[in-house]
Amino acid sequence: MAAPLGGMFSGQPPGRPGDSRGQASLLQAVPGPPRTSNSTLVDELESSFEACFASLVSQDYVNGTDQEEIRTGVDQCIQKFLDIARQTECFFLQKRLQLSVQKPEQVIKEDVSELRNELQRKDALVQKHLTKLRHWQQVLEDINVQHKKPAEIPQGSLAYLEQASANIPAPMKQT
């Protein structure tokens, strides 16, 4: 398991760790359908995505009358894209596993960095909510001040009810 990253898969030229020139060839080594010599897994993922998009906006499909044929073509494009996406995910998971075995301190550094970023994001979110809370507390305080002017508020609950009922018009007598 302690083989260098470049020589991990058969048929792959060994490369030095950190050598970016070997990265494109690494993507060719993932098991799956055979690839052309110049094609990488990322290139195939990109081309399959473009094929999916093209199938959705193609004039052949827009003008076509056979809905089942259109559906089958689109489903095939999407299935190919999903297969290549799974292969790509498998490749990166394998590289992640190799990295965790060869350099566990790097994985810990990445985890710590992600946790710090998450804490910063959450702190910013808390500050944003506190700012909104202060704003709405001020709005409520302003509303309370407007409704309760100290000189006009009579003392006692009975006096308050008398003042409030004085503002209500008397019911009209029916004749």
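These numbers come from a predicted model, not from an experiment.

I keep staring at the packing of aromatic side chains and nothing clicks. Help me out?
The way to describe two aromatic rings as a pair is by their centre distance and the angle between their planes. Enumeration according to the criterion identifies 2 aromatic pairs in this entry. Considering the side-chain rings of Phe-49 and Phe-81, the 5.8 Å spacing of their centres and the 55° angle between planes classify their relative orientation as tilted. Separated by 32 residues along the polypeptide, Phe-49 in helix α2 (residues 41-57) and Phe-81 in helix α4 (residues 67-102) bring together distant segments of the chain. Residues Phe-91 and Phe-92 carry aromatic rings whose centres are separated by 5.1 Å and whose planes lie at 80° to one another, so their mutual orientation is edge-to-face. Accessibility expressed as a relative area gives 2% for Phe-91, which makes it buried.

How should I be thinking about α4 in this particular structure?
What sets the pattern is the α-helix's 3.6 residues per turn: residues three or four places apart point alike. Look at α4: 52 Å from first C-alpha to last across 36 residues, which is about the 52 Å you get at 1.5 Å a residue. Among the residues making up α4, those that are buried are Ile-70, Gly-73, Val-74, Ile-84, Gln-87, Thr-88, Phe-91, Lys-95 and Gln-98.

Can you help me understand the confidence of the model for the protein chain in this one?
Any segment with low pLDDT has predicted coordinates that should not be analysed in fine detail. Taken as a whole, the protein chain shows an average pLDDT of 76; of its residues, 59% reach a score of 70 or greater. Of the regions scoring below 50 in pLDDT, residues 1-27 engages in 41 contacts with residues more than four places distant in sequence or in other chains.

Where do I start with the packing of α2 against α4 in this structure?
Describing two packed helices takes the angle between their axes plus the distance from one axis to the other. Orientation of α2 relative to α4, taken along the N-to-C sense of each, is 155°, at an axis distance of 9 Å. Considering their axes alone, α2 and α4 lie roughly antiparallel with respect to each other. Regarding α2 and α4, the two cross each other, and that crossing is left-handed. For the pair formed by α2 and α4, the contact residues are Leu-41, Glu-44, Leu-45, Ser-48, Phe-49, Ala-51, Cys-52, Ser-55 and Leu-56 on the first element and Val-74, Cys-77, Ile-78, Lys-80, Phe-81, Ile-84, Ala-85, Gln-87, Thr-88 and Phe-91 on the second. Looking at the contact of α2 with α4, its residues break down into 13 nonpolar, 4 polar and 2 charged.

Cut-offs and rules
- Residues numbered from 1 in each chain as written.
- Predicted model: local features only at pLDDT ≥ 70, side-chain atom pairs only at ≥ 80, totals over all residues.
- Heavy atoms only, no water.
- Phe/Tyr/Trp six-rings, centres within 6.5 Å; stacked < 30°, edge-to-face > 60°.
- Helix = DSSP H or I, 4+ residues; strand = E, 2+ residues; numbered from the N terminus.
- Buried < 20%, exposed > 50% of the residue type's maximum accessible area, 1.4 Å probe, protein only.
- Expected span 1.5 Å × (residues − 1).
- pLDDT = per-residue confidence, 0-100.
- Contact = heavy atoms within 4.5 Å.
- Axes fitted to C-alpha atoms, helices over the stretch in contact; angles between N-to-C directions.
- Parallel < 35°, antiparallel > 145°, perpendicular 65-115°, else oblique.
- Left-handed = near helix turned anticlockwise from the far one by under 90°.
- Nonpolar A, V, L, I, M, F, W, Y, C, P; charged D, E, K, R; others polar.

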